[in-house]
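In case you want the letters, here they are:
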Amino acid sequence: MTAKQRNTVYQHVSVAGPEPEIIGRAGPVLREGGLVAFPTETVYGLGANALDAGAVGEIFTAKNRPADNPLIVHLERKEQVYNVALKINRTAEKLMSAFCPGPLTLVLPGRSNLPVEVTAGLNTVAVRIPDHPVALALFREAGVPVAAPSANLSGRPSPTTGEHVLEDLKGKVDMILDSGPVGVGVESTVVDVTGDIPLILRPGGVTPRQIEETVGSVELAPGAAGNYECAGGKPLSPGLKHKHYAPSVPMFLVEGITENAVKVIMKFICEYKEKGKDVGVLSPEESAHRYSNAKVVEYGSKKDPASMAVGLYSALREIDSLGVDIILAEGIGSEEIELAVMDRLRRAADKVIKI
Ligand code: AMP
Ligand code: MG
């Protein structure tokens, strides 16, 4: 189905004090079945009234998103979780106290009132409270739970600025609220808390160690970090294998000890240059100067891992716009927030080279 043409209102909003007049216009659009893109601390989201099946369906059309991928339901306050979830066990309660609001999504037993468009027919629901004044003001004004994936076209890097949203969704949504660059840069950590031990389905802004410190244990679902080998070559759920965030030209990711990775990338650059190809390199700040024969885009400093998360999606968009023939990406470690960064890079890559 093609997305219906909409007159997109693009509106700057203050993070420090979201203007009541602007929020007062956006809330009813959301409540009454429209599509509103809004900032969160992770990435920008594209919201619809989660109780309105038609409106939620329009999200899939606007993004060209596969229908078998369920959406996260966004709430303003913890008490509202019972409007969409059936029960919350002790583990979920502890995680909610520690990380809501925050970059954590909890998968809980879902209520049957939720449209199939939200849950993809599962008997669970994914719930999050974003830690962002504009998102929370919008939800308060709308007065409904808000189903929202990231506000990008499916397959494109997630948006970390309002301009990214405009690039992808102009004419496809009713309103875009822009309050500048986001703080975290990668999506929320999705954790299944229907059992006793929390299971990370997608690494994100809250790290495995933070979860472990809160509830005593945590497991990473096979394949959840974009590492298909640890799922025996097979993904645990089909969604884990969906190719995401991909640039429009082939990308090779080189993972391993930095010095070796740099040498492998330099060798690739020489080989491609000899064939007359234009090469782009996605590099941590620290190695950027080594790739003198390529167009280099930095995605943050290894000394400050949070900066790599913040810079990743912008860097992917930028390197994709340079018109190179091939992209080589230098990987980083897989501890803490780097796990989420590497997950996204592995999913974006056509080939992962481990050295
Ligand atoms: P996004 O496209 O960034 O909104 O991603 C939402 C993520 O949450 C996807 O990876 C979904 O597969 C996942 N998700 C949403 N609802 C559920 C659910 N009920 N069970 C498991 N994963 C879910
Ligand atoms: Mg997304």
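Residues numbered from 1 in each chain as written. Chains lettered and ligands numbered in written order. Predicted model: local features only at pLDDT ≥ 70, side-chain atom pairs only at ≥ 80, totals over all residues. Heavy atoms only, no water.

Chemist: Could you give me a rundown of the domain arrangement of the chain, with the residues and numbers involved?
Modeler: How big an interface is tends to be stated in terms of the accessible area lost upon association of its parts. Partitioning the chain into domains gives domain 1 (9-235) and domain 2 (251-354). Just the C-alpha atoms count here: the centres of domain 1 and domain 2 sit 28 Å apart. Of the roughly 1900 Å² buried at the junction of domain 1 and domain 2 (both faces included), carbon and sulfur atoms supply 51%. Among the residues of domain 1 in contact with domain 2, Pro157, Val186 and Pro203 are the three that bury the most area, contributing 25% of the side total. Remark: the boundary between domain 1 and domain 2 carries four salt bridges. Between domain 1 and domain 2 we count 12 residue pairs in polar contact (both at pLDDT 80 or more) in total. Looking at the side of domain 1 that touches domain 2, the elements that each hand over two or more residues are helix H7 (162-169) and helix H8 (208-215). Take the side of domain 1 that touches domain 2: its biggest share by element is three residues, from H7. (Domains from an automatic or database assignment. Buried area = accessible area lost by both parts, 1.4 Å probe. Salt bridge = Lys/Arg side-chain N within 4 Å of Asp/Glu carboxyl O. Polar contact = N/O pair within 3.5 Å; in protein donor to acceptor, adjacent residues only side chain to side chain. Helix = DSSP H or I, 4+ residues; strand = E, 2+ residues; numbered from the N terminus.)

Chemist: Let's hear about the environment of Leu166: which residues, and what values?
Modeler: Along the chain, Leu166 turns up in helix H7. Through-space distance from the C-alpha of Leu166 to that of Gly195 is 40 Å; in sequence the pair is 29 residues apart. For Leu166, the contacting residues outside a window of four places in its chain are Tyr10 and Ile176. (Contact = heavy atoms within 4.5 Å.)

Chemist: I'd like a rundown of the packing of helix H4 (residues 90-99) against H8, residues and numbers included.
Modeler: Where H4 contacts H8, the two axes come as close as 10 Å, and the packing angle between them is 120°. Taken together, the axes of H4 and H8 lie oblique to each other. Here H4 and H8 pass one another in a crossing that is right-handed. Here H4 contributes Thr91, Lys94, Leu95, Ala98 and Phe99 to the contact with H8, which in turn contributes Gln210, Ile211, Thr214 and Val215. Of the residues that constitute the contact of H4 with H8, the class distribution is five nonpolar, three polar and one charged. (Axes fitted to C-alpha atoms, helices over the stretch in contact; angles between N-to-C directions. Parallel < 35°, antiparallel > 145°, perpendicular 65-115°, else oblique. Left-handed = near helix turned anticlockwise from the far one by under 90°. Nonpolar A, V, L, I, M, F, W, Y, C, P; charged D, E, K, R; others polar.)

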